[in-house]
Every structure is written in C-alpha cells, then in structure tokens.
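Summary of the model geometry
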Amino acid sequence: MALETGGRLSEVRTRVGASHGITDLTHKLHFYDQWAPDYDQDVATLQYRAPRLAVDCLTRALPGPPHTALILDVACGTGLVAVELQARGFLQLHGVDGSPEMLEQARARGLYQRLSLCTLGQEPLPSSEGTFDAVLIVGALSDGQVPCSAIPELLRVAKPGGLLCLTTRTNPSNLRYKEELEAALDRLEQAGAWERLVAWPVEHWELATSELEEGPSTSDRHGFISGVVYLYRKQEAAQAEGVRPGA
Ligand SMILES: C[S@@+](CC[C@H](N)C(=O)[O-])C[C@H]1O[C@@H](n2cnc3c(N)ncnc32)[C@H](O)[C@@H]1O
C-alpha cells in the first residue's frame, strides 16, 4: 500500500513538475486541457491547500451574510475554490478560465452560476466595472500563467470596498515572479487603488515536485513548498483605471 502511494506520488510529481517548466501561456493552457480529468486527484496527492487557505482568509473578512455576496473565481480551474466557498454558504459564484477542458470540469460540479472562457493578459474579464463583492485568483499567479499586468483587470471588476484575494508560491523557483507580483501590488497600493489587509505566509502549501523546486534553502524536511495569501480591499474611490504595473 505504501509502495502504491509512493508510486502514485512520484508519477504525479513528474507530471506536475514538467508543467512548472512551461513558461509559454498557450502551451500551459494546452497542458491544463490535457490534465483536466486528473487534476483534482493529482493535486490531492500533492496535498495542495491553496483553495482552502484562500477561502479561509477571504471569508473571515467578508462582511454580510454569505448568500448575498457575488464572487468571481478567476482561473477557476476545475472548481476547487467553489467547493470551499459553497461549504461556507457562498452560493453566487462566477468563474473564468483560459482552458476549455478545465472549465468543463468546473461546469460538471454545478456550483457556478456563470462560467466563461477568458485568457487573462490577452483579453478583459467579461464583466462590467464594480460587479463583484469579492474576486479570488488561486494557484494561477506564476510564470507562464496569469501575468502581473492582469492585476488591474481584477480590481476593475471588484465593487468599491470589495475584497480581492490572491495567492502565489514562494519556493525558490517562483521567487522572481513573486518579486514582480509584489512590485505590481505595491504600485497599485501607492496609487490609492486598494489597501493591503493581509499577507499571510504559509509554510506547507503543497508537496514539492522536485528537490530543485523545493530549493536548498528550505528547512522543511517533509518536502513541502511555501506560499502566500494576500488580501486587499479596493478603495471606495478607486483610481485603478489607468494604473498599470510599470506605470
Ligand atoms: C493550478 S490551476 C488552479 C485552479 C484553481 N484555481 C485551483 O486552485 O485549483 C491554474 C488555472 O489557471 C488557468 N490559467 C492559467 N493561466 C491563465 C490565463 N492567463 N488566463 C486564464 N486562465 C489561466 C489554468 O487553465 C488553470 O485552470
């Protein structure tokens, strides 16, 4: 049994580790299309905790009864974030993703009222300004996925005073992207578009797919990589429009 578990883990590590090396968005989305039917089982094997951590962080800060909140799950994948939201009573859920096959898995869950195909960084979100009480993006902020230049678009569709929850990995191989992301987040805060409520470092994010990914600096003996959950509140008089990372 232990051997079986170990064999499966090493198979998943190989498959997911290979995807981390894909830095071209078209290829990455194609990879997700192929991976979609096995995604949930594979990330469970890797003890992927980001959806639960992000939803815990968001829902502690979200005012009002859960069923009244309209929430957008960006890069929703197969809908693991929706599972966590629904368990806490959040029922008005919209999702977008750039992979048609991941969206198909999400649709089969029946938890989203609306699902749309949208490639962040190449096209705008299919929603008007100020639509959502909360916007989440979980597991999609890294090289070859959602570029930092798409962050103002997430802000645009949040209501003034609405919450935005973002996650990224903080293991050595994602540190360059994380630095770029933090610079973009900070610039928007300095421009008065939003205020940071939380930056929550998490040591046990998911199992590393390789020693390289884990990095020599880690003190973790269980093979986990680390991550971070950010929570922002959009300013009432947001000035996000026209604010672009690098501006
Ligand atoms: C690791 S999965 C995370 C899915 C889900 N949020 C979760 O935590 O289980 C990343 C998802 O982001 C989507 N994605 C990556 N880059 C994207 C982009 N530029 N625009 C839209 N979706 C993207 C992929 O198709 C995939 O479904």
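The structure we're discussing is the one just above.
Below: a short report on this structure. In this convention, every chain numbers its residues from 1, walking through the sequence in written order. It should be noted that, the model being predicted, local features are given only for residues of pLDDT at least 70 and side-chain atom pairs only at 80 or more, the latter also being counted only at that level, while totals for whole chains, interfaces and linings use all residues.

Turning our attention to the site of the ligand. In the vicinity of the ligand lie 23 residues, with Ala75, Gly77, Gly98, Ser99 and Gly139 positioned nearest. Where helices and strands are cited, they refer to DSSP runs of H or I of at least four residues and of E of at least two residues respectively, numbered from the N terminus. The set of elements that each furnish at least two residues to the shell around the ligand consists of α2 (25-35), α4 (50-61) and α5 (80-87). Here the shell around the ligand takes 4 residues from α2, the largest share from any one element. Classifying every residue of the shell around the ligand by side-chain character gives 14 nonpolar, 7 polar and 2 charged. Using a C-beta atom placed from the backbone, a residue is scored as near a molecule or strand whenever that atom is within 6 Å of it. Polarity classes work like this: nonpolar for Ala, Val, Leu, Ile, Met, Phe, Trp, Tyr, Cys and Pro, charged for Asp, Glu, Lys and Arg, and polar for all others, with Gly in that last group.

Attention now goes to α2. To sort residues by exposure, count the other C-beta atoms lying within 10 Å of each residue's C-beta; 20 or more gives buried, 12 or fewer gives exposed, and values between give partly exposed, all with C-beta atoms placed from the backbone. Where α2 is concerned, the buried positions are Lys28, Tyr32 and Trp35. Seen end-on, α2 carries its buried residues on one side only, within an arc spanning 65°. Counted as exposed and oriented over 90 degrees from the buried face of α2: Thr26 and His27. In this context, the arc is that of the directions from the helix axis out to the C-beta atoms.

Right, let's talk about the nonpolar core for a bit. Residues Ala54, Leu136 and Cys165 are the most contacted members of the largest nonpolar core, which totals 70 residues. No other element matches the 7 residues that strand β7 (residues 224-234) contributes to this core. Placing C-beta atoms from the backbone, we regard two residues as in contact once those atoms come within 7 Å. For Leu136, the residues in contact, after removing those within four places along its chain, are Ala54, Leu58, Ile71, Asp73, Val74, Val81 and Cys165. By convention the nonpolar core is taken to be a set of buried residues drawn from Ala, Val, Leu, Ile, Met, Phe, Trp, Tyr and Cys and joined through C-beta atoms within 7 Å.

Two faces make up the sheet, and in a regular strand the side chains alternate between them. With 4 bridges joining them, strand β2 (residues 92-97) and strand β3 (residues 114-117) adopt parallel strand pairing. For His94, the partnering residue across the bridge sits in β3 and is Arg114. Throughout, right-handed denotes a crossover for which the path from the first strand over the helix to the second runs clockwise when the strands point away from the viewer. Following the chain from β2 across helix α6 (residues 100-109) to the adjacent parallel β3, one finds a crossover that is right-handed. Only strands joined by at least two bridges in the DSSP assignment are considered to pair.

What follows concerns the sheet that holds strand β4 (residues 132-137). Sheet strands line up and pair through hydrogen bonds in the backbone, either parallel or antiparallel. What the 7 strands build is an open sheet, ordered β3-β2-β1-β4-β5-β7-β6; its pairing is mixed. Looking at the sheet topology across the chains shown, the edges are occupied by β3 and β6 (194-207). The sheet shows a mean angle of 15° between the axes of neighbouring strands, taken without regard to direction. Examined bridge by bridge, β4 and strand β5 (residues 158-169) share 5 bridges and lie parallel to one another. Bridge assignment links Ala134 to a residue of β5, and that residue is Leu163. An axis is simply a line fitted to the C-alpha atoms; with a helix, the fit covers only the stretch in contact. Between two such axes, the angle follows the N-to-C directions and lies from 0 to 180 degrees.

Next up on the list: the environment of Ala193. Relative to the assigned elements, Ala193 resides in the loop between α8 (175-190) and β6. Along the primary structure Ala193 and Pro152 are separated by 41 residues, whereas in three dimensions their C-alpha atoms are 9.0 Å apart.

On to α5. Taken together, the buried positions of α5 are Leu80, Val81, Ala82, Glu84 and Leu85. The inward-facing, buried residues of α5 contact α3 (39-45), α4, β1 (70-74), β2, α6 and β4. Note on α5: the residue one or two positions beyond its end, Gly89, has a positive phi of about 95°.

Here α4 crosses α5 at 40°, and the two axes come no closer than 9 Å. The angle between α4 and α5 falls in the class oblique. Between α4 and α5 the crossing geometry is right-handed. Contact with α4, carried on its side by Pro51, Arg52, Ala54 and Val55, involves Leu80, Val81, Glu84 and Leu85 of α5 and no other residues of that element. Here the contact of α4 with α5 is composed, by residue class, of 6 nonpolar, no polar and 2 charged. Throughout, the term roughly parallel applies to angles under 35 degrees, roughly antiparallel to angles over 145, roughly perpendicular to angles from 65 to 115, and oblique to all others. The hand of a helix crossing depends on one turn: near helix anticlockwise from the far one by less than a right angle means left-handed, and clockwise means right-handed.

Positive phi values are uncommon outside glycine, yet Gln47 reaches one of about 55°. Residue class for Gln47 comes out partly exposed when judged on the 14 C-beta atoms lying within 10 Å of it. Of note in this structure, Ala75 is not a glycine but carries a positive phi near 60°. As for its placement among the helices and strands, Ala75 is situated in the loop between β1 and α5.

Shape descriptors only; they carry no functional weight alone.
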